Amino acid sequence: MARVKNKDTKPEVKVRSVVHRLGYRFRKNRTDLPGRPDIVLPRHRKVIFVHGCFWHGHPNCPRAARPSSNEAFWRKKLNANIVRDRKNIHLLREQGWRVMVLWECRMRDEKALLNRIKTFLKEQ
Ligand SMILES: [Zn+2]
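Looking now at the overall build of the protein. A tally of helices and strands in the protein yields 4 helices and 4 strands. Reading the protein from its N terminus to its C terminus gives the helix and strand order α-β-β-β-α-α-β-α. Radius of gyration (C-alpha) of the protein: 15 Å, near the 14 Å computed for a compact globule of 124 residues. Each principal axis of the C-alpha atoms in the protein carries an extent, and together these give about 45 × 30 × 25 Å. Residue burial in the protein is summarised as follows: out of 124 residues, 40% are buried. Taking as baseline every contact in the protein between residues at least 6 positions apart, the subset at least 24 positions apart corresponds to 57%. Side-chain charges of the protein comprise 31 positive and 11 negative groups, with the mean position of each set lying 2 Å from the other.

Distances from the zinc ion to its protein donors, Cys 53 (SG), His 58 (ND1), Cys 61 (SG) and Cys 105 (SG), fall at 2.0 to 2.4 Å. Taken together, the 4 donor atoms coordinating the zinc ion and their angles of 100 to 115 degrees define a geometry best described as tetrahedral. For the zinc ion, the single-chain donor residues occur in sequence as C-x4-H-x2-C-x43-C. The pair formed by Cys 53 and Cys 61 is uniform in burial state, with each residue classed as buried.

Note: α-helices contain 3.6 residues per turn, so residues at a spacing of three or four share the same orientation. Between its first and last C-alpha, helix α3 (residues 71-94) extends 34 Å over 24 residues, near the 34 Å set by a 1.5 Å rise per residue. Within the span of α3, buried status applies to Trp 74, Leu 78, Asn 81, Ile 82, Asp 85, Asn 88, Ile 89 and Leu 92. The elements touched by buried residues of α3 are β3 (46-51), α2 (53-56) and β4 (98-103). At the C-terminal side of α3, Gly 96 shows a positive phi close to 90 degrees.

Our focus in this paragraph is the pattern of salt bridges. Scanning the model with the defined rule gives 5 salt bridges in all. Glu 110 is paired through a salt bridge with Arg 21; the nearest N and O atoms lie 3.1 Å apart. Here Glu 110, found in helix α4 (residues 110-122), pairs with Arg 21, found in helix α1 (residues 10-21); they are 89 residues apart in sequence, far enough to count as distant. Two residues, Glu 123 and Arg 98, come together in a salt bridge whose shortest N-O distance is 3.6 Å. In this pair, Glu 123 sits in the segment after α4 while Arg 98 sits in strand β4, placing the two residues 25 residues apart along the sequence. Members of the salt-bridge network, linked through shared partners, are Lys 14, Arg 21 and Glu 110.

Cut-offs applied
Residues numbered from 1 in each chain as written. Predicted model: local features only at pLDDT ≥ 70, side-chain atom pairs only at ≥ 80, totals over all residues. Heavy atoms only, no water. Helix = DSSP H or I, 4+ residues; strand = E, 2+ residues; numbered from the N terminus. Rg over C-alpha atoms; globule rule 2.2 N^0.38 Å. Buried < 20%, exposed > 50% of the residue type's maximum accessible area, 1.4 Å probe, protein only. Contact = heavy atoms within 4.5 Å. Lys, Arg positive; Asp, Glu negative; His and termini not counted. Charge placed at Lys NZ, Arg CZ, Asp CG, Glu CD. Donors = N, O, S within 2.8 Å, 3.2 Å for Na, K, Ca; no water. Tetrahedral: all angles 85-135°; square planar, octahedral: opposite > 155°, others 65-115°. Expected span 1.5 Å × (residues − 1). Salt bridge = Lys/Arg side-chain N within 4 Å of Asp/Glu carboxyl O.

Spelled out as structure tokens, the structure:
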């Protein structure tokens, strides 16, 4: 299982290549922004998070099923991640950023992914 903030995990690479193909320039993991978004488009004031379903608690997703052993440990840990994600997104929005969250399980269809990202980046 991957850590929460693994650098350059596969889904992130995939999203970056899509954004690149769409002709946008971006920065990676800007550490001065809440939650260190995976992709930052400063000119458009937009950020994209690529979230692993398990660690970030994708609602109603089979990949986010919690382990049955050490139940209390996992509940505490994973709930804390979810709270932190919400807080970070809230802070970013307060600072005028538009935020997109992409879930790992929804990336298999590359064309659909490209269209979703395209739509998000075109929004004014
Ligand atoms: Zn999922």
